[in-house]
Amino acid sequence: MHSSLHALPVLQDNVIWIWVRGAEAVVIDPAVAPPVRAWLEKRQLSLAAVLQTHHHADHIGGTPELLQRWPEAEVIASADDRERIPFQTMPVRGGDHVTVLGETVEVMDVAAHTRAHIAFFLPNPKGAEIGPLLFCGDTLFSGGCGRLFEGSAEQMHQALQKLAELPEATQVCCAHEYTEANLQWAVAQQPNNTVLVERYREVRSLRAKGELSLPSSIGMERRTNLFMQAGSAAELAVLRQHKDQWRPA
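Residues numbered from 1 in each chain as written. Predicted model: local features only at pLDDT ≥ 70, side-chain atom pairs only at ≥ 80, totals over all residues. Heavy atoms only, no water.

Observations regarding the state of the cysteines
Note the cut-off: Here, the term disulfide refers to a pair of cysteine sulfur atoms separated by no more than 2.5 Å. Only protein chains enter the accessibility calculation, which uses a 1.4 Å probe; a residue whose area is less than 20% of its type maximum is buried, one above 50% is exposed, and one in between is partly exposed.
Inspection of every chain in the model, using the stated rule, returns zero disulfides. Unpaired in terms of disulfides, C136 finds its nearest cysteine sulfur in C174, a separation of 5.3 Å. For C136, a relative accessible area of 0% puts it in the buried group. Unpaired in this structure, C145 has its nearest cysteine sulfur neighbour in C136, at a distance of 11 Å. Judged by relative accessible area, C145 falls into the buried class, the value being 5%.

So, in structure tokens, the structure goes:
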């Protein structure tokens, strides 16, 4: 029985990831419920679990409604987010390992965007068409990283360095389609970086055709993500502040 991975774009730029194995599915950070429910029901799939990376409304907003339809589904979320994700059924912390769809999933502490942000890493999902998977919410984006709403630049630097150590082939399944804007900013900082410029061209072409640029990969982020390449928390802080204030010419 093999696994498959599907991206469901919703709202303005959210991406809900759906991991399927056999007749069951796991949904990651469902911003809204109706499109997820329709997608699962069309394929006659049952919801086994919801993985929540953090408490923001555009990540947990659809979960209560999905639980009304599939009340037996587990909700795996940070134990430190219990107050803000009260419907969680399986509280976890960084370093924990849980079994989901018969697979071992590692929970990673990547607090920075929020104080209790976690990521989920599947080192070896069964199925030849997908390699290692990382569901990283709003910590690592393709070409960027999350804003520091509740955490520090030091925490974000530590989180990104931790993620950079994952295998290069790991698919980076972040929760927003921000790649084009992130790379536009990055190219403005390093206009002579040919690898970055080429990646930006590729992404612009994909987006012009209405296609997603995701998932990225850890290898691609190592090569083209200025935040992941930051040599220190101080350097990351400068980049983050510049990106927060930057507007295209």
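On we go from here.
Overview of the pattern of salt bridges
When their charged atoms lie close together, side chains carrying opposite charge are able to pair. Selection rule: A pair is scored as a salt bridge if a Lys or Arg side-chain nitrogen falls within 4 Å of a carboxyl oxygen belonging to Asp or Glu. Strands are runs of DSSP state E lasting at least two residues, helices are runs of H or I lasting at least four, and both sets are numbered from the N terminus onward.
Counted under the stated rule, the structure contains 10 salt bridges. One salt bridge connects D80 with R93, and the closest N-O pair in it is separated by 3.1 Å. Placement of D80 in the loop between β5 (74-78) and β6 (90-92) and of R93 in the loop between β6 and β7 (97-100) is noted, with a sequence separation of 13 residues between them. Here R84 ties to D81 by a salt bridge, and the two come within 3.3 Å at their closest N and O atoms.

Concerning the pairing of β7
To keep things clear, this is the line we draw: Only when DSSP finds a minimum of two bridges between them are two strands counted as paired.
Across the two faces of β7 the burial differs, with V98 and V100 buried and H97 and T99 not buried at all. Taken together, the four bridges between β7 and strand β8 (residues 103-109) define a ladder with antiparallel strand orientation. Paired with V100 across the two strands is E103, which belongs to β8. Where β7 folds back onto β8 in an antiparallel hairpin, the turn is made up of two residues, including L101, whose phi is positive at roughly 50 degrees.

Focus: the sheet that holds β5
For clarity, the threshold we go by: Each axis is a line fitted through C-alpha atoms, taken for helices only over the stretch in contact, and angles between the N-to-C directions span 0 to 180 degrees. Residues are treated as being in contact if the distance between any of their heavy atoms lies within 4.5 Å.
Strand order in this open sheet of six strands is β1-β2-β3-β4-β5-β6, and the pairing throughout is mixed. The strands lining the two open edges of the sheet, one partner per strand, are β1 (3-10) and β6. Strand-to-strand twist across the sheet, computed as the mean angle between neighbouring axes with direction ignored, equals 20 degrees. Alignment of strand β4 (residues 46-51) against β5, held across three bridges, turns out to be parallel. By the bridge assignment for β5, A49 is matched with E74. Along the sheet, helix α1 (residues 34-42) makes contact with β1, β2 (14-21), β3 (24-28) and β4, crossing β1 at roughly 145 degrees.

Regarding the nonpolar core
Which entries qualify depends on this criterion: Remark: nonpolar core denotes a set of buried residues (Ala, Val, Leu, Ile, Met, Phe, Trp, Tyr, Cys) joined through side-chain atoms within 4.5 Å.
Grouped together as the largest cluster of nonpolar side chains are 59 residues, with contacts concentrated most on V100, L134 and F135. Considering each element in turn, this core owes the most residues, six residues, to helix α4 (residues 153-164). When residues no more than four places from it in sequence are discounted, the contact partners of L134 are M108, A119, F120, F121, L163, L166, T170, Q171, V172, C173 and I218. Counting residues in each nonpolar core, the second largest holds 20 residues, with I18, A31, L66 and L67 among its members.

What about unusual backbone geometry?
A cis geometry characterises the amide bond from L214 onward to P215, with omega recorded as 0 degrees. Mapping P215 onto the fold places it in the loop between α6 (194-208) and β14 (216-217). Unlike most non-glycine residues, L11 shows phi in positive territory, near 50 degrees. By the element assignment, L11 lies in the loop between β1 and β2. Assessed through its relative accessible area of 56%, L11 is described here as exposed.

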